[in-house]
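# Breakdown of the fold
Listed below, chain by chain, are the residues.
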Amino acid sequence: MKNDTPEELNPDKEIGRLIDEVMSSSLTDEQYRKKMQRRKEVQDQRIAQAVPEKGLIIVNTGNGKGKTTAALGMVLRSLGHGYKVAIVQFIKGSWEPSEKRVFSNWEDQLEFHAMGEGFTWETQDRDRDLDKASAAWQKSLEYIRNPDFHLVLLDEINIALKMSYLEVEDVLAGLAQKPADKHVILTGRGAPAAIIECADLVTEMTLVKHPFRDQGVKAQPGIEY
C-alpha cells in the first residue's frame, strides 16, 4: 500500500496535524523549529497556487450578532484602498444608524441608501414592506451591474428573502450579472440554501448569550447602533 508523503497530503489536514504536534510540550526547540518551517512551506505553496483575484459573493448569516458589523469592516477596508462602495439597507432604514454619519466622511467613495422603514413588526404593513424591498433591490441591481463600484453591501437582504419580500431566483439572477471582480455581501439571518450554495464565503454567527434575551438589556449606542 502506498504511503502518503507530506507533499501528497491534503494541505489543510497537514497544517492541522502540524498545529496539533507543535502544541505538544514534549518537543525540543529543534523539533518545534522544523515543524513550523514545514508549516510555512505548506502555507507558502498554497498561496503560490491560489488564484490572484476573484470577485466574491459573501454571506453573513446566523442568529448571532455581528453580521452587519463584520460586513462594515470590509467596507472600511475597501474605502481605505480607495475603492468605491455602495450600501443598501433593506430593513434598518428607520434607525438612521451612526455608521451612516461616520461614512459621510467618504462621500466621494461611498453611496449609502437606507431604504427600509424598520423591522417588520414595526411597519405592520406588508404591502409597503414589499414595495420598499422591491425598490431596494432595484437600487442594488444598479450597483451590482456598475463596474465602478468595487464592493456592494446588501444589508439584511436575507431577512427580505426569508419574509418572501424578494424572490431567491431574482436575487441569484441579479448576482450573476455582477462584473467578475466585484464583491457583494449579503447579510441577515436565515440566508436561503440557494444563496449559501452560490456564495464563495459564508460565515454563520452563532448566538451563545445575548444581553437583551438573557438580561433584558436594551439596544445601546455604540454596540447595537
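Residues numbered from 1 in each chain as written. Predicted model: local features only at pLDDT ≥ 70, side-chain atom pairs only at ≥ 80, totals over all residues. Heavy atoms only, no water.

Despite not being glycine, Glu 156 has its phi angle at roughly 65°, a positive value. By secondary structure assignment, the location of Glu 156 is in the loop between strand 4 (151-155) and helix 7 (157-162). Owing to a relative accessible area of 9%, Glu 156 belongs among the buried residues under this scheme. Non-glycine residue Ser 164 carries a positive phi angle of around 65°. Structurally, the position occupied by Ser 164 is in the loop between helix 7 and helix 8 (168-175). Since its relative accessible area comes to 43%, Ser 164 is described here as partly exposed. (Helix = DSSP H or I, 4+ residues; strand = E, 2+ residues; numbered from the N terminus. Buried < 20%, exposed > 50% of the residue type's maximum accessible area, 1.4 Å probe, protein only.)

The element strand 1 (residues 57-61) is extensively covered by neighbouring structure, given that five of its five residues are classed as buried. Burial along strand 1 is two-sided: Ile 57, Val 59 and Thr 61 and Ile 58 and Asn 60, pointing in opposite directions, are all buried. In this sheet, strand 6 (residues 201-204) lies alongside strand 1 in parallel orientation, the contact comprising four bridges. Opposite Asn 60, over in strand 6, you have Thr 203 as the bridge partner. (Pairing = 2+ DSSP bridges.)

This structure, assessed with the given rule, holds eight salt bridges. For the salt bridge of Glu 14 with Arg 38, the shortest nitrogen-to-oxygen distance reads 2.8 Å. In this pair, Glu 14 sits in helix 1 (residues 11-22) while Arg 38 sits in helix 2 (residues 29-49), placing the two residues 24 residues apart along the sequence. For the pair formed by Glu 14 and Arg 38, the shared burial category is buried. With its nearest N and O atoms 3.3 Å apart, the salt bridge here joins Arg 38 to Glu 41. Separated by three residues within a single helix, Arg 38 and Glu 41 lie in helix 2, roughly one turn from each other. Linked through salt bridges whose partners overlap, the residues forming this network are Glu 14, Arg 38 and Glu 41. (Salt bridge = Lys/Arg side-chain N within 4 Å of Asp/Glu carboxyl O.)

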